[in-house]
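Observations on the model geometry
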Amino acid sequence: MTKAISDSNNSIQKVAIIGASGYAGAELVGLLSNHSQAHICHLVVSENSSSEGKLFSDLHGRFKSICDLPLVAFSSAWFDEYAADLDAVFFATPHDFSADWAQAFLDAGVKVFDLSGGFRLKDASDYPKYYGFEHADKNALAKAIYGLAEWQHDDIANANLVAVPGCYPTASLLSLKPLTVNNLVVENSLVVVNGISGVTGAGRNASLATNFNEVSLKAYNVLQHRHQPEISQEADIAVIFNPHIAPYKRGLLATVTLQLNAGVTSAQVDDAFISAYSDKPLVRLVSSWPEIGNVANTPFADIHWKFDEDKQVVVVSCAIDNVLKGASSQAIQCFNIASGLPSEYSLLNKAV
Ligand SMILES: NC(=O)C1=CN([C@@H]2O[C@H](COP(=O)(O)OP(=O)(O)OC[C@H]3O[C@@H](n4cnc5c(N)ncnc54)[C@H](OP(=O)(O)O)[C@@H]3O)[C@@H](O)[C@H]2O)C=CC1
Ligand SMILES: CC(=O)N[C@@H](CCC(=O)OP(=O)(O)O)C(=O)O
């Protein structure tokens, strides 16, 4: 049952964004401000946030006159007073916050769209190893639906708790899944995923590693990044994941290399991608190698591939905006699907 505001034709859902001062949360605010079926009721930050009481648009000047709501601090008292009146909440928060609070919102009848990694891994024992904490709510974890919008539509449509995929996993899985679900990949072969992200991927808080004077192009967290088990889980294949950070603001590129079964043809490879995405308007199969510049500030994923039929090796590359398709616009796709709307609703304004 919806607690939505009545409109003459539709019901508009009441939503809150927790983590609205951060990069992913700010993009969510921008997208939801432009969404005719959502009404933003609260923008929430942490209990001791230096942003508490400021206007959202004073923090993120890009959104002045688009959303000028104040930022309020999260607390148990805030939850008790306001949560039950919401239809949906978006967590753009640290992973452990999501794990701690999702069930309380679900119990209050609120759908949860979690942009963090708090509900992405099915195996709870991976959390201490990859996230550094014991998962606080294994029951909720078991109920969470992974929200790769182009692949999990029917599950998302019926979900109350959606784990919005990570940025690197989004680009990696969009590249891998057409090949893995069609059983084109040699079993137990080496699958290498190279990812490059802009600095917004590291969040808004200052750190030496993301300081303008320090940031360079380099690999990091090789063989230990938390997105490796997420990619393996959802592609159902073991992968080696090599993340890199690069000195630009936004955009992410994942390039994957796979060995395909003997006898697989170029036509089969092409067909795997075309049949997966021909009816998915936010995935563009492009005719040259994808570029960050073509997807930054957009909700699109651009994909291109090349198959060497002699060696049976395929290389697939996918570019996305890490804070949009890699986080907030994909969260909107999930919200749309769970609301019975087209996945791309409010995200794609086509010329007619
Ligand atoms: N940046 C990206 O490219 C992507 C990010 N994500 C995920 O989205 C989430 C947010 O990331 P990002 O926006 O980059 O991070 P930021 O560090 O930029 O923002 C984090 C936000 O969470 C808030 N917050 C922190 N602790 C709490 C708390 N205890 N209670 C309530 N709010 C809290 C912060 O508020 P304040 O600091 O004002 O207190 C801030 O608004 C993370 O889980 C991240 O992994 C997912 C995909 C891509
Ligand atoms: C450049 C950079 O630091 N990127 C982040 C990933 C982005 C992110 O926020 O991770 P989720 O997608 O899991 O939420 C990192 O490697 O930890």
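Residues numbered from 1 in each chain as written. Chains lettered and ligands numbered in written order. Predicted model: local features only at pLDDT ≥ 70, side-chain atom pairs only at ≥ 80, totals over all residues. Heavy atoms only, no water.

An unreviewed UniProt entry annotates the chain as N-acetyl-gamma-glutamyl-phosphate reductase originating from Colwellia ponticola. The Sequence similarities (unreviewed entry) field of the UniProt record for the chain holds the comment "Belongs to the NAGSA dehydrogenase family. Type 1 subfamily." For the record of the chain, the UniProt heading Function (unreviewed entry) holds the text "Catalyzes the NADPH-dependent reduction of N-acetyl-5-glutamyl phosphate to yield N-acetyl-L-glutamate 5-semialdehyde." (UniProt positions renumbered as here; feature names shortened; annotations may be inferred.)

1. Things to note about the sheet that holds strand E9 (residues 192-197)
Remark on secondary structure: sheet strands pair via backbone hydrogen bonds, oriented parallel or antiparallel. In space, the seven strands of this open sheet follow the order E10-E11-E9-E12-E15-E14-E13, with mixed pairing throughout. Lying at the two open borders of the sheet, with one neighbouring strand each, are strand E10 (218-219) and strand E13 (283-285). Across eight bridges, the pairing between strand E12 (residues 252-259) and strand E15 (residues 313-320) is antiparallel. Bridge assignment links Thr257 to a residue of E15, and that residue is Val315. Contacting E13, strand E14 (301-308) and E15, helix H10 (residues 266-277) crosses the sheet at an angle of about 165° to E14. (Pairing = 2+ DSSP bridges. Helix = DSSP H or I, 4+ residues; strand = E, 2+ residues; numbered from the N terminus. Contact = heavy atoms within 4.5 Å. Axes fitted to C-alpha atoms, helices over the stretch in contact; angles between N-to-C directions.)

2. Describing the state of the cysteines
Applying the stated criterion to the full structure yields zero disulfides. Looking at the unpaired Cys67, the closest cysteine sulfur is the one in Cys41, lying at 11 Å. In this structure Cys318 is not part of a disulfide, and its nearest cysteine sulfur, from Cys167, lies 12 Å away. (Disulfide = S-S within 2.5 Å.)

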